[in-house]
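A closer look at the structure
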Amino acid sequence: MTVRPPRDPAFTRRSLLLGGGMAALGVTLAGRLAWLSVFEGEQYRLASEENRIQLRLIPPRRGWIVDRNGTPLALNKPDYRLELVPDQVIDLDALLARVRAVLGLSFDEELRIRADIAIQPKYVPVEVARDLDWPKFAAANVQLADIPGLSPVRAFARVYPDKDHFAHLLGYVGAPTPEQYKATRDPMLIFPGFRIGKDGLERHQDRQLRGEAGARRVEVTARGKVVRELGSRGDVPGTTLRLTIDRDLQNYAARRLADNSGSVIVIDSWTGDLLAMVSMPAYDPNIFSQRVPAALWRDLQRDDHTPLLNKSAMGLYPPGSTFKMVTALAALEAGVSPEDAVGCNGRYRLGTNTWHCHARRGHGRVDMHSALPKSCDVYFYTFGRQIGIEAIATMARRLGLGQKYDLPLPGQAAGLVPDNAWKQKRFGKSWNAGETLNTAIGQGYLITNPLQLAVMTARIASGRAVQPRLMIDPGAGAPVFPSLGIAEDHLAIVRQGMFDVVNSGMGTARRARMSVSGVHVAGKTGTAQVRRITMAERRRGVLRNEALPWNQRDHALFVAFAPTEEPRYAVSVILEHGIAGGLYAAPVARDVLTYLYDPARALAALAPVEAEMRERVRARASARETADAAATDPRMLMPPWLHWDPPQPPSFEIEDAALPPPEREEQ
């Protein structure tokens, strides 16, 4: 019989505890494994799939902008770029060394890249190289694709074929700002190479032009290198905008302005279509859409011709004698007979002050039929004072002054049509008779922009409340404008007066006569004071414009419509500091209207204008180079993400709108 030793109770307990613990651990692991595989398996499968497969955005192609005939004004071209996202970069020095070896990056470009990285948020893409040719872009895809944060980008660059001729109208595109991304968290706003509208139509219609992004699914390695494409959803291009603008007419008007600072607007008074809306000088939006060199930016800001300002919609000017049609219509509506006359001896007395007519010896007997052709100030002083400021202001607003129009143009200036209520609110004083005299001839507090003057002229020509439009809606019919409510015989008197301004022997705009057979122009000249005239200078005698610096000369204005037999086209021309409307603005309007009827004849008139312009430009460039010899380093560039807010309309301070304007010649 074998005798077994007694079991140790402590060992037995330890065995049970250890076995139970192992069993519990096994059950826990099995349960957790079952939970992960059964209940959370889909989540981890998707996470694993995301490590292997990436969804990459496809930037949308920006919509084109075309003119009324379908000719492109803003289009896209393929653009191969290399960009980096700073917060994804591990070693910047090594990255730049690799890029330098593959693409030949210059020292200046490397400095620019480092500066951009230093001054902008780390999630905003930085442009390393752009406009690469295909061999370099292919080399970047093969040799640089495995570098974290570096992305070869196949995108589209915005192209403006007509450069500065459409700059203020179309605007330009640029990189989104960090603030815009923070406000929307739209991933496209930090996509390398993506651009949004920054000014003009590009900015106002940005959402319509942007389109919708596409996407593609790609299989990648652990380093992010693409193995294969698994599928894609194409982008939806932006909408094509069709404008009312005539590209050829716009280009001609811009060339005809030459190196003048000013605006030309042509409007179809039947439809309200803006056929040309030129503001010169301007900038090249192709450069603004990329990187603006500091030297160019400095020159644009310092230029006294204000190339950054859209003068057509934002420029503010006293309308001068172009406003006299408003005063004439207001007088007729107030009961003044067109046969009522005044005797003009060159002066008009009010209290202790004397208001002068531009004709120092006077015009003799003047009624409404001769007041517009002769542009007699004394006539409009007399009847402007008789009817009062309220009648004048009401007619001005009815003709479209002092208001903004429903157009896709950021920064329109409303101008100012003053009256007693405005002065009480602005200055806390009542209106006085001297201010009415100045307003009656388009001076004083009154300010307008070129677009308003074009609309005013179109309304006088048609007798209807013409509303300008800039974009053509394919689904909409021709607009129908209501009547202005102005008696047709009153409009006929003013139109005849405008006809005589150009076509009679006593008119101030004989240079506006067209040489196209059967086509006559009706218009009105204007010369607007821009500088303050001291009483001492008035006593000594006011200097002629030709003796003054450029920025102190009077503005030259001219408004017109044609043909007079069946008015259709209305035009406004403003030459900043152009001295006299009849001498300088009227010929510009004549040639622009001629282009509508006989392009060959109009183009022939450009040769001497452009030859003279080239000489002036060459002289100014030489002087500027001398002045900029000690300028800052031109290699410095604006950050690509910098948002440029367009300049605001200028403000005007009138020294004393109740004082007489200086003596001048209406030429």
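What comes next is a walk through the structure. (Residues numbered from 1 in each chain as written. Predicted model: local features only at pLDDT ≥ 70, side-chain atom pairs only at ≥ 80, totals over all residues. Heavy atoms only, no water.)

**Observations concerning the packing of helix 14 (residues 324-333) against helix 17 (residues 389-398)**
When two helices pack together, you describe them by how their axes are tilted relative to each other and by the distance separating the axes. We apply this condition: Helix axes are fitted to C-alpha atoms over the stretch in contact, other axes to C-alpha atoms as well, and angles between N-to-C directions run from 0 to 180 degrees. Helical segments are the DSSP runs of H or I of at least four residues, strand segments are the runs of E of at least two, and each set is numbered from the N terminus. Crossings are classed by handedness, with left-handed meaning an anticlockwise turn of the near helix from the far one by less than a right angle and right-handed meaning a clockwise turn. Contacts are residue-level and defined by heavy atoms, with any inter-residue pair within 4.5 Å sufficient.
In the contact formed by helix 14 and helix 17, the axes pass within 9 Å of each other and the chain directions differ by 115°. At the point where helix 14 passes helix 17, the crossing takes the right-handed sense. Only Ala 391, Ile 392, Met 395, Ala 396 and Arg 398 of helix 17 make contact with helix 14, whose side of the interface consists of Val 326, Thr 327, Leu 329, Ala 330 and Glu 333.

**Some thoughts on the pattern of salt bridges**
Quick reminder of the rule: Think of a salt bridge as a Lys or Arg side-chain nitrogen and an Asp or Glu carboxyl oxygen that are within 4 Å of each other. Remark: exposure states derive from per-residue accessible area (1.4 Å probe, protein chains only) relative to the maximum for the residue type, with buried under 20%, exposed over 50%, and partly exposed in between.
Taken as a whole and judged by the stated rule, the model has 25 salt bridges. Note that Glu 202 and Arg 158 form a salt bridge whose closest N and O atoms lie 2.8 Å from each other. On the criterion of sequence distance, the pair formed by Glu 202 in helix 8 (residues 200-204) and Arg 158 in strand 5 (residues 150-159) is long-range, its members being 44 residues apart. Taken individually, Glu 202 and Arg 158 each receive the classification buried, so the pair is uniform in this respect. Measuring nitrogen to oxygen at the nearest pair gives 2.7 Å for the salt bridge that ties Glu 435 to Lys 423. Taken together, the positions of Glu 435 in helix 19 (residues 433-440) and Lys 423 in helix 18 (residues 420-427) put the pair twelve residues apart, joining distant regions of the chain. Both residues of the pair, Glu 435 and Lys 423, belong to the buried class. Via salt bridges that share partners, Arg 62, Arg 158, Asp 186, Glu 202, Asp 206 and Arg 210 belong to a single interconnected network.

**Some thoughts on helix 10 (residues 247-257)**
Rules: Counting of polar contacts relies on pairs of N or O atoms within 3.5 Å, with two restrictions inside protein: one atom must be capable of donating a hydrogen and the other of accepting it, and residues adjacent in sequence are counted only when both atoms are side-chain atoms.
Counting buried residues along helix 10, eight of its eleven residues qualify, which places the element largely inside the surrounding structure. Among the residues making up helix 10, those that are buried are Leu 249, Gln 250, Asn 251, Tyr 252, Ala 253, Ala 254, Arg 256 and Leu 257. For helix 10, the N-terminal cap is Asp 246; the gap from its side-chain oxygen to the backbone nitrogen of Asp 248 is 3.0 Å. Just downstream of helix 10, Ala 258 is the residue with a positive phi angle, here 55°.

**A closer look at the nonpolar core**
Filter applied, for reference: Remark: nonpolar core denotes a set of buried residues (Ala, Val, Leu, Ile, Met, Phe, Trp, Tyr, Cys) joined through side-chain atoms within 4.5 Å. Marked domain ranges trace back to an automatic or database domain assignment.
If you look at the biggest cluster of nonpolar residues, it comprises 74 residues, and the most contacted ones within it are Leu 169, Leu 170, Val 264, Leu 274, Met 277 and Phe 558. Counting residues per element, this core draws most heavily on helix 23 (residues 581-597), which supplies seven residues. Lining this core are residues from two domains, each supplying at least three of them: domain 1 (54-242) and domain 2 (247-635). Beyond its immediate stretch of four places on either side in the chain, Leu 274 contacts Thr 244, Ile 245, Ile 265, Val 266, Ile 267, Leu 407, Leu 451, Pro 468, Arg 469 and Leu 470. In terms of nonpolar packing, the next biggest core, distinct from the first, is built from 56 residues, Ala 331, Ala 393, Leu 437 and Leu 557 among them.

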